[in-house]
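If you want the building blocks of each chain, they are given just below.
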Amino acid sequence: MQEARKLADYITKRPKPKGIDVLCGLKHFAIITYAVPADRFKGLFPARFKLDVVEIDGQEMGLISVVPFIDVDFTSAVFPLPKFTMGQTNYRIYIIDTKTGERCVWFLGTTLDSWTLAVPRYLWNLPWHSGEVNFDCVLNKSTGLYEKYHMETSSSWAKASVDIVQSESDEIVFDGFPDAESALVYLTHPLAGFYYRRDNKVGTYRVWHKELKVKPAKLKSANFKLLSDLGIVEQAEQHTPYSVLVEPINEFTIYLPPTIVE
């Protein structure tokens, strides 16, 4: 059983941006999470990190999330520079950094729909891949809920599609956690990410954001080819997620450049 956590204990003051740090809005932000047996994650990240397991029905499970969104007003957090808009999908596993004790995420990689992909992919060696990302969403202005949420990504690395819908009756239920707030801290508030760079070194970067005002949703359909290709979540399992959370828009600060873990 995961321990009880209060979001107030994890909200920090925003570190002052400098240099090439980035500010961006994340529109149509969704977190589609799957719980699968812990042994499916073996070999995906270095020994420094351990899976942040959740016990469900007496079995240790790892959680992995697919996080699609549109970067809007993507720009420098310091200087008055042009703003960009681009579709993006992140694939992240919830882990613990045994060196620091911090709960964080391990990125399998990212698809990005933008010519600016060249910077993270080639300059910083991030595991970012090209993809054509399309959203077709209808948000009910009076309720703030999605009547329609469709995302589709064409990509040789991680072809994907997902359909989500919301209603007033949707509930948040998180097996393996003492309460919903503890689960939301786990799912929405990791601020450090690690990954294998394209040169196989381990890289990291940090983000900052306020409390995410996510609401529950239901999954109508999903097809995440990367998860089935890697044997983490089989196609038949992708229709029954652990949880689906959505927020129409939020704001992140991304601290750059990424660094190499020694």
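In what follows, the structure referred to is the one given above.
Residues numbered from 1 in each chain as written. Predicted model: local features only at pLDDT ≥ 70, side-chain atom pairs only at ≥ 80, totals over all residues. Heavy atoms only, no water.

**Q** Honestly, the pattern of salt bridges in this entry has me stumped. Any pointers?
**A** It is possible for side chains of opposite charge to pair when their charged atoms get near one another. The tally for this structure, following the rule as stated, stands at twelve salt bridges. Taking the shortest distance from any N to any O, the salt bridge between Asp136 and Lys148 comes out at 2.7 Å. Placement of Asp136 in strand β8 (residues 132-139) and of Lys148 in strand β9 (residues 146-154) is noted, with a sequence separation of twelve residues between them. Here Asp136 falls in the partly exposed class, since its relative accessible area comes to 37%. Residue classification places Lys148 among the partly exposed residues on the basis of a relative accessible area of 36%. For Lys225, the salt bridge identified is with Asp229, shortest N-O distance 2.8 Å. (Salt bridge = Lys/Arg side-chain N within 4 Å of Asp/Glu carboxyl O. Helix = DSSP H or I, 4+ residues; strand = E, 2+ residues; numbered from the N terminus. Buried < 20%, exposed > 50% of the residue type's maximum accessible area, 1.4 Å probe, protein only.)

**Q** Explanation requested: the sheet that holds strand β10 (residues 160-165) in the structure shown.
**A** Two modes of strand pairing occur in sheets, parallel and antiparallel, and in both the strands are linked by backbone hydrogen bonds. Judged by pairing direction, the sheet is antiparallel, and its four strands sit side by side in the order β8-β9-β10-β14 without closing on themselves. Strand pairing shows two members of the sheet lacking a second neighbour, β8 and β14 (218-224), which therefore form its edges. When the angles between neighbouring strand axes are averaged without regard to direction, this sheet yields 5°. Pairing of β8 with β9, which is carried by eight bridges, proceeds in the antiparallel orientation. Considered in β9, the bridge of Val138 is made with Lys148. (Pairing = 2+ DSSP bridges. Axes fitted to C-alpha atoms, helices over the stretch in contact; angles between N-to-C directions.)

**Q** Can you help me understand the pairing of strand β1 (residues 22-37) in this one?
**A** Look at any regular strand and the pattern is simple: side chains alternate between the two faces of the sheet. Judged by how many residues are buried, β1 sits mostly within the fold: 13 of 16 residues are covered. Strand direction decides the pairing type here: β1 and strand β15 (residues 243-260), joined by eleven bridges, are antiparallel. Residue pairing for β15: Lys27 is matched across the bridge by Ile249.

Function-wise, these values are silent; they only describe arrangement.
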